[in-house]
Amino acid sequence: DQQVKQNSPSLSVQEGRISILNCDYTNSMFDYFLWYKKYPAEGPTFLISISSIKDKNEDGRFTVFLNKSAKHLSLHIVPSQPGDSAVYFCAASLFNAGGTSYGKLTFGQGTILTVHP
Amino acid sequence: EAGVTQSPTHLIKTRGQQATLRCSPISGHTSVYWYQQALGLGLQFLLWYDEGEERNRGNFPPRFSGRQFPNYSSELNVNALELEDSALYLCASQGARSTEAFFGQGTRLTVV
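Residues numbered from 1 in each chain as written. Chains lettered and ligands numbered in written order. Predicted model: local features only at pLDDT ≥ 70, side-chain atom pairs only at ≥ 80, totals over all residues. Heavy atoms only, no water.

1. Some remarks on the overall build of chain A
Okay, step 1: Along chain A, the regular secondary structure elements total zero helices and 11 strands.
Okay, step 2: Listed N to C, the secondary structure of chain A is β-β-β-β-β-β-β-β-β-β-β in terms of helices and strands.
Okay, step 3: Taking the principal axes of the C-alpha coordinates as reference, chain A spans close to 50 × 30 × 25 Å.
Okay, step 4: When burial is assessed residue by residue, chain A has 44% of its 117 residues classed as buried. (Helix = DSSP H or I, 4+ residues; strand = E, 2+ residues; numbered from the N terminus. Buried < 20%, exposed > 50% of the residue type's maximum accessible area, 1.4 Å probe, protein only.)

Now the structure itself:
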């Protein structure tokens, strides 16, 4: 049961252009969403996140959009740089019933972004 | 401040053997998660430990087990290794009420 899906396994973009990475989820209980970036042979690094009470969060070149009715989120990178080439994972979590901590992250399959100079 | 550290970085085992992987969380973090990333696949949730207890478990057989110590470090044990257990095993830690988990570099387990 794939609760978080990234349907595009790869994306190729020219340097300076916009990169748009998409993610869909099925569990409406998710209330927090994150994007991680991963280079080969390294652990994922946190990039940006968004709470379900918002529809947009911006941090420098990175913006995450959340459409709860469509159960869809996207990551925009503007302008894209060759150093952005990596695997991008979206993840979702929910505050556990006890309200004391966020539980496990459920990850999508990842999208390989390649930014060409 | 030190990040999440995992050891060893690489591990080669023979089919049928046992593997033990270790994780030290960021200081102050009480939750530890284990994920498996097999070649070409996403991150599959394995185990979640918090305050020394197992809180949740992914869809993996019982030969995948672990524990969390009083200092919040954690061990992942894989018994009766199979070839398909070859993967990158990632540990992440998270503080109480924190929204992000931080990952270590991973342990590359190769079963031959």
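2. Brief notes about the overall build of chain B
Okay, step 1: The secondary structure content of chain B amounts to zero helices and 11 strands.
Okay, step 2: Mapped from its N terminus to its C terminus, chain B presents α and β elements in the order β-β-β-β-β-β-β-β-β-β-β.
Okay, step 3: In terms of overall size, chain B behaves like a compact globule, its C-alpha atoms giving a radius of gyration of 13 Å where 112 residues would be expected to give roughly 13 Å.
Okay, step 4: In terms of its C-alpha atoms, chain B occupies a principal-axis envelope of roughly 40 × 25 × 25 Å.
Okay, step 5: Per-residue burial over chain B gives 52% buried out of 112 residues.
Okay, step 6: When contacts within chain B are restricted to residue pairs at least 6 apart in sequence, those whose partners lie at least 24 apart make up 52%.
Okay, step 7: Split by element, the accessible area of chain B, about 5300 Å² in all, is 48% carbon and sulfur. (Rg over C-alpha atoms; globule rule 2.2 N^0.38 Å. Contact = heavy atoms within 4.5 Å. Areas by Shrake-Rupley, 256 points an atom, 1.4 Å probe, with all protein chains shown as cover.)

3. Let's talk about the state of the cysteines
Residue and element names in this part refer to chain A.
Okay, step 1: For the structure on display, the rule yields two disulfides over all chains.
Okay, step 2: Residue pairing for C23: its cysteine sulfur links by disulfide to C90, the two sulfurs lying 1.9 Å apart. An S-S torsion of about 60 degrees defines the bridge between C23 and C90 as right-handed. With a gap of 67 residues between them, C23 in strand β3 (residues 19–25) and C90 in strand β9 (residues 86–93) connect regions that are remote in the sequence. Per residue, the accessibility class of C23 equals that of C90, and both read buried. (Disulfide = S-S within 2.5 Å.)

4. Quick word on the sheet that holds strand β7 (residues 62–67) of chain A
Residues and elements named next belong to chain A.
Okay, step 1: Taking strand neighbours across the sheet as the criterion, the five strands line up as β1-β3-β8-β7-β6 in an open arrangement whose pairing is antiparallel. Edge positions in the open sheet fall to β1 (4–5) and β6 (56–59), since each of these has one partner strand only.
Okay, step 2: Bridge analysis of β3 against strand β8 (residues 72–77) gives six bridges, and the strand direction is antiparallel. Residue D24 lies in a different strand from β8, and its bridge partner there is H72. (Pairing = 2+ DSSP bridges.)

5. Re unusual backbone geometry
Okay, step 1: A cis geometry characterises the amide bond from V78 of chain A onward to P79 of chain A, with omega recorded as -15 degrees.
Okay, step 2: Of note, the bond from S7 of chain B into P8 of chain B is cis; its omega dihedral lies within 30 degrees of zero at -10 degrees.
Okay, step 3: The phi dihedral of E51 of chain B falls on the positive side, at around 50 degrees, and the residue is not glycine.
Okay, step 4: Assignment of secondary structure puts E51 of chain B in the loop between β5 (44–50) and β6 (53–57).
Okay, step 5: Its relative accessible area of 44% is what places E51 of chain B among the partly exposed residues.
Okay, step 6: We note that Y72 of chain B has phi near 75 degrees; this positive angle belongs to a residue other than glycine.
Okay, step 7: Looking at where Y72 of chain B falls in the secondary structure, it is placed in the loop between β7 (64–68) and β8 (74–78).
Okay, step 8: For Y72 of chain B, a relative accessible area of 27% puts it in the partly exposed group.

6. Some thoughts on the environment of K5 of chain A
All names here are of chain A.
Okay, step 1: Examined against the element boundaries, K5 turns out to sit in strand β1.
Okay, step 2: Exposure remark for K5: the relative accessible area of 37% places this residue in the partly exposed category.
Okay, step 3: Through-space distance from the C-alpha of K5 to that of F46 is 18 Å; in sequence the pair is 41 residues apart.
Okay, step 4: If we skip the residues at most four places from it in the chain, K5 touches N22, C23 and D24.

7. Observations concerning the packing of aromatic side chains
Okay, step 1: Inspection of every chain in the model, using the stated rule, returns 13 aromatic pairs over all chains.
Okay, step 2: Their ring planes at 65 degrees and their centres at 5.2 Å tell us that F60 of chain B and F64 of chain B sit as a pair that is edge-to-face. For the pair formed by F60 of chain B and F64 of chain B, the shared burial category is buried.
Okay, step 3: Three or more aromatic residues link up through ring pairs in this structure, and these residues are Y36, F46, F89 and F107 of chain A together with Y35, F45 and F103 of chain B. (Phe/Tyr/Trp six-rings, centres within 6.5 Å; stacked < 30°, edge-to-face > 60°.)

Everything listed is a geometric property; what it means functionally is a separate question.
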